[in-house]
Amino acid sequence: MKIIVCIKQVPDTTEVRLDPKTGTLIREGVPSIMNPDDKSGLEAALRLKDEHGAHVSVISMGPPQAKEMLREALAMGADEAYLVTDRAFAASDTWATSSILAAAISKLDYDLIITGRQAIDGDTAQVGPEMAEHLGIPNVSYAEEIQLEEGSILVKRQFEDFSHMVRAKFPALITALGELNTPRYMTPGAIFDAWRNKEITEWNRADVPVEDSNIGYRGSPTRVAKSFPKTMKSPGMKIEEGVEESVEFILDKLKEKYLL
Amino acid sequence: MNIEDYKGVFTFAQQVHGELSNVSLELIGKARDLAADLETNVSVVLLGHQIGHLAKELVAFGADRVIVIDDPVLDEYRTEPYTQGLTAIIDAYKPEIVLFGATAIGRDLAPRVAGRVHTGLTADCTSLDIDPEKKEFRMTRPAFGGNVMATIICPEFRPAMATVRPGVMVKELRDDQREGEIVTFDYTFVENQAYFQIEEVIKKVSHKIDITEAKVLVSGGRGLGDANCFDLLQGLADALGGEVSCSRAVVDAGWLPKEHQVGQTGKTVRPQLYIACGISGAIQHLAGMEEADYIVAINKDPDAPIFNVADVGIVGDLHRIVPLLTEKILAEKEK
C-alpha cells in the first residue's frame, strides 16, 4: 500500500504574542513546527505501515526551510519526502495550493492520501477536500479513527454531535483530526539517518504539471484586501448586585445572544 | 465567465436528520442584509430526503425562495452527492454569493463545491459586508490563530463563497406569514468514484475533552478555593453542553490536569461562550481566551482585569451564583 501524507510547516501560533503597545504580532522567536493535525495524519500513516506494511511518502509545499520539517517526518519513519517549492507558487490561496499539490501528487502512485484537518496558521480546512476534488477521489474529512480493510479504508468521521462510520474505496483522501492519536517521537538513530543519509526530492515549477492560470497570486480566486490586528475588545457591562439579580442578568444576556 | 451574469445571495440550509441547524437560519439573516445592499433576493438551497416540511420554516426565517432536492441518496450527509446537487443548482441559477455554515458539514462540502465550480472560498468568516461604493462582497475572518483579522475578496470568480462561523450572525424572527417561493429542483444523481458508503451512524460521540473544540467553556481560577469546587463548574458546563477549563494557577495547584489549561502556556480557545469563574485575568490568561465570542466573568474583586475583556461582568461570589445559574438554565431547558 502506498500512502502520501501532506504536511505543512507553520509558525507555532500558540507561541505568538502581541506587542502590547502597537497591537501587532511579534513574529520573532516564534518557532516553526509541523502542523499538529498533519503530524497526527503522519502518525496514522506510520501506524498503518507498522501494522500492515506500507510505503509512506510525505509532501509539503513551502519555502526551502520546510526541509527541516520534512527531515523530522523522515526521522519519525516516513520513507521518502518531497518539497514542492518555487517563487511562482508563493501567495497561493487554497484553490491554487490544492491545484499545485494535486498536480504534484498525480505524478506519484498512491492508494491513500492523508492531510491534517486544518493548519493552525490559516485554519481553513480547505486544501484537503479541494485536492481530492482535483484528483477526482473521495475525501473523508475529520477522521477520528482509521482501520484498513482489503482495498478500502474504514473511517470514523466526526460531526458535531454524531459520527459516521464510512467505507471508502482506494484511492481516497482523508483529513485527520489531532485527536486521532499521539504522534511518536523521532528516535536518535532515525534522526541521524534523516539528516545525514536521506535525500529530499525538490520539485520546482517545471516539475509540477499544473497550468499557470491555477498557481500563485494570479491563480488565486481569493485576494486579501486588508489585514489588521484584532482590536482589543472594550469592556462590557459590569454589575454589582445580589445573587438573584446577578443570575437573572446573566440569563437575559445569554438569551439575547442566543446562547441559551 | 461573465461575472455580471451572477445574481442573488444563496445560502446552504444544513439539516441533520431532518432538523435544521441553527446556523442555517443565521445565514439567512445575514443573507438578507447582503441582498438588501445588492438589491437582490435570498435563495436557500435545501438538500436531503423527506425534508420538504423544512422549506416553509426557511421561508418563515427570511428565504425569498427555497430550492429543494429531495432524494434518498441525500438521506445522510455524504460529500459527493451533496456536491453534485449543489453544483447543479449553482450552474443553473448562477448566484453571486453562496454561504455555508462553518460546521463539520459546511467545511467539508464548501471546498469540494468551490473546487468543482472553480471559485474562491473564504473559511470561517466572522463578518460579511458589501462595500457601499464598489458593491464588492467582503469576507472578514480571523487568521494566524486569531491574532490577526483578514478581509478577503473574490474579484474575478463567481459565486464568491464563504463559510460562516456558527453563532456569529443573527437570525431573523420567525414569521409564518411570510411568503416565499418553493422550487423542486430535478436532478439525477450519478454514482462515481468519489462516492463512499456509510456503514453506520453513531449518534452519540464518545466524550473526549478537547477544550479548543468546545462551544461553551466554564473556566475556573484560583478564586474557586479548592479542587472540589470544580463539581460546581462541571454542573454548569453540563447544563450548557460545554466543558470545564481553567487558569494556570489551577493546574499549578494540581486541581485539574494541564489539558484543561487556557492561556499563553495552555491552549488558545475561541468558544461561543466563556464563563470565567474566580479568574483574575492575568495577561497570559487573557491571551488564550479573549477571542471567545462572548465572555461572562464572575469575580469577587471589582478591579480584576478579567472585567476588561468581559461582555458581562458580575462582581459577586461564584459559590453562590454558579449553583443558582445552573439551576435556572436547567429549568429554562425544561421549557
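Computed from a predicted model, the values in this text were never measured in an experiment.

### A short note on the sheet that holds strand β1 (residues 9–13) of chain B
Residues and elements named next belong to chain B.
Next, step 1: In space, the seven strands of this open sheet follow the order β7-β11-β6-β1-β4-β5-β12, with parallel pairing throughout. Each end of this open sheet is capped by a strand with a single partner; those strands are β7 (121–125) and β12 (181–184). The sheet shows a mean angle of 20° between the axes of neighbouring strands, taken without regard to direction.
Next, step 2: The sheet contact formed by strand β5 (residues 65–70) and β12 spans four bridges and is parallel. The partner of V66 across the bridge, within β12, is I182.

### Overview of the pairing of strand β9 (residues 139–149) of chain A
Residue and element names in this part refer to chain A.
Next, step 1: When β9 meets strand β12 (residues 172–176), the two strands line up parallel, connected through three bridges. Note on β12: the bridge partner recorded for A143 is A176.
Next, step 2: Pairing of β9 with strand β10 (residues 152–158) involves six bridges; the strand directions are antiparallel. Among the inter-strand pairings, E145 is bridged to a residue of β10, identified as K156.
Next, step 3: The hairpin formed by β9 and β10 contains two residues between the paired strands, and G151 there has a positive phi angle of roughly 70°.

### Regarding the pattern of salt bridges
Next, step 1: Across all of its chains, the model carries 31 salt bridges over all chains by this definition.
Next, step 2: Measuring nitrogen to oxygen at the nearest pair gives 3.3 Å for the salt bridge that ties K255(A) to E332(B). You can see K255(A) sitting in helix α6 (residues 243–256) and its partner E332(B) sitting in helix α8 (residues 318–334), one on each of two chains.
Next, step 3: What makes E332(B) partly exposed here is its relative accessible area of 22%.
Next, step 4: Here D176(B) makes a salt bridge to R174(B), at a shortest N to O gap of 3.1 Å.
Next, step 5: Given the relative accessible area of 45%, R174(B) is considered partly exposed.

What counts, and where the lines are drawn
Residues numbered from 1 in each chain as written. Chains lettered and ligands numbered in written order. Predicted model: local features only at pLDDT ≥ 70, side-chain atom pairs only at ≥ 80, totals over all residues. Heavy atoms only, no water. Pairing = 2+ DSSP bridges. Helix = DSSP H or I, 4+ residues; strand = E, 2+ residues; numbered from the N terminus. Axes fitted to C-alpha atoms, helices over the stretch in contact; angles between N-to-C directions. Salt bridge = Lys/Arg side-chain N within 4 Å of Asp/Glu carboxyl O. Buried < 20%, exposed > 50% of the residue type's maximum accessible area, 1.4 Å probe, protein only.

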